[in-house]
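# Breakdown of the fold
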Amino acid sequence: MTPREAEAMAFIKASAMMEESQRNSEDVALRSQALRFNQLFWTILQADIMDPNNALPSDIKGNIMSLSIFVDKQTSKALRSVDPADLDILISINRNLAAGLKDQQPAVDPTPPPHTPLGATSV
């Protein structure tokens, strides 16, 4: 599994947990668990983009950080609320990012490289 696929899977898992929480809105522990998982994942993303070895362009890092700050605020609001609708925006963000990660797999050139006979050099 590539890192991109793992991230997409984590976004989907967090979304699924929050959706389950919405379906069982009376279960406060389930809601808290789902939101804390989502919060932990976003905290890991924040740490990753701050890593000096992260090769993402600065503007993308900035966009992810801005989005993560928004997610932090929405998570805090949802943790204080009992309204299942307060999870909608978090679920939507995660689902959209997961879809984007899946759609942006690196393109693979279907054309095989030219055959070079053994002993021959390519120019």
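This is a predicted model, so every value here is computed, not measured.

Now for the nonpolar core. Of all hydrophobic cores here, the largest spans 17 residues; its most connected members are Phe11, Met18, Leu35, Phe41, Trp42, Leu87 and Leu90. For this core, the secondary-structure elements that each account for two or more residues are α1 (3–23), α2 (28–50), α3 (58–80) and α4 (88–103). Non-local contacts of Leu35, meaning those with residues more than four positions away in its chain, are made with Met18, Thr75, Ala78, Leu79, Leu87 and Leu90.

What follows covers the confidence of the model for the protein. With 84% of its residues at a pLDDT of at least 70, the protein reaches an overall mean of 87. Low pLDDT, under 50, characterises residues 106–123; the stretch is placed with one contact to residues that sit more than four places away or in other chains.

What follows is about the layout of surface pockets. Rolled over the atoms, a probe as big as a water molecule pinpoints where empty space is left. By volume, the largest pocket is sized at about 500 Å³. For the lining of the largest pocket, the class distribution of residues is eleven nonpolar, four polar and three charged.

Looking now at the pattern of salt bridges. Taken as a whole and judged by the stated rule, the model has three salt bridges. Of the charged contacts, one joins Arg95 and Glu19 as a salt bridge, the two residues approaching to 2.7 Å between their closest N and O atoms. Remark: Glu19 occurs in helix α1 and Arg95 occurs in helix α4; sequence separation between them is 76 residues. On the basis of relative accessibility, which here comes to 24%, the residue Glu19 falls in the partly exposed class. In this structure, Asp86 engages Lys77 in a salt bridge whose closest nitrogen and oxygen atoms are separated by 3.9 Å.

Before going further, it helps to examine α2. Structural remark: α-helix, 3.6 residues per turn; residues separated by three or four positions point the same way. The terminal C-alpha atoms of α2 lie 33 Å apart, and with 23 residues this matches the ideal 33 Å at 1.5 Å per residue to within 8%. Every buried residue of α2 is listed here: Arg31, Ala34, Leu35, Asn38, Phe41, Trp42, Leu45, Gln46 and Ile49.

Another aspect to go through is the packing of aromatic side chains. All chains considered together, the criterion is met by two aromatic pairs. Taking the centre distance of 4.8 Å and the plane angle of 90 degrees together, the rings of Phe11 and Phe41 count as edge-to-face. Pair noted here: Phe11 is in helix α1 and Phe41 is in helix α2, with a separation of 30 residues, a long-range link. Accessibility classification places Phe11 together with Phe41 in one group, the buried group.

Relative to each other, α1 and α2 sit at 155 degrees, their axes nearing to 8 Å. As summarised for this structure, α1 and α2 are arranged roughly antiparallel, according to the angle between their axes. Note that α1 runs across α2; the crossing there is left-handed. Along the contact surface, α1 presents Glu7, Ala10, Phe11, Lys13, Ala14, Met17, Met18, Glu20 and Ser21, while α2 presents Leu30, Arg31, Gln33, Ala34, Leu35, Phe37, Asn38, Phe41, Trp42, Leu45 and Asp48. When grouped by side-chain class, the residues that make up the contact of α1 with α2 number twelve nonpolar, three polar and five charged.

By secondary structure assignment, the location of Asn54 is in the loop between α2 and α3. Accessibility expressed as a relative area gives 13% for Asn54, which makes it buried.

What follows deals with the environment of Met17. Tracing the sequence through the fold places Met17 in helix α1. Here the alpha-carbon distance between Met17 and Arg31, two residues 14 residues apart in the chain, equals 8.2 Å. The residues contacting Met17, other than those within four sequence positions of it, are Gln33, Ala34 and Phe37.

The rules behind each value
Residues numbered from 1 in each chain as written. Predicted model: local features only at pLDDT ≥ 70, side-chain atom pairs only at ≥ 80, totals over all residues. Heavy atoms only, no water. Core = buried A, V, L, I, M, F, W, Y, C linked by side-chain atoms within 4.5 Å. Buried < 20%, exposed > 50% of the residue type's maximum accessible area, 1.4 Å probe, protein only. Helix = DSSP H or I, 4+ residues; strand = E, 2+ residues; numbered from the N terminus. Contact = heavy atoms within 4.5 Å. pLDDT = per-residue confidence, 0-100. 1 Å grid on protein atoms, 1.4 Å probe; cavity = no way out; pocket = protein on both sides within 12 Å on 5 of 7 lines; lining within 4 Å. Points joined across faces, edges and corners; volume = space filled by probe spheres on them. Nonpolar A, V, L, I, M, F, W, Y, C, P; charged D, E, K, R; others polar. Salt bridge = Lys/Arg side-chain N within 4 Å of Asp/Glu carboxyl O. Expected span 1.5 Å × (residues − 1). Phe/Tyr/Trp six-rings, centres within 6.5 Å; stacked < 30°, edge-to-face > 60°. Axes fitted to C-alpha atoms, helices over the stretch in contact; angles between N-to-C directions. Parallel < 35°, antiparallel > 145°, perpendicular 65-115°, else oblique. Left-handed = near helix turned anticlockwise from the far one by under 90°.

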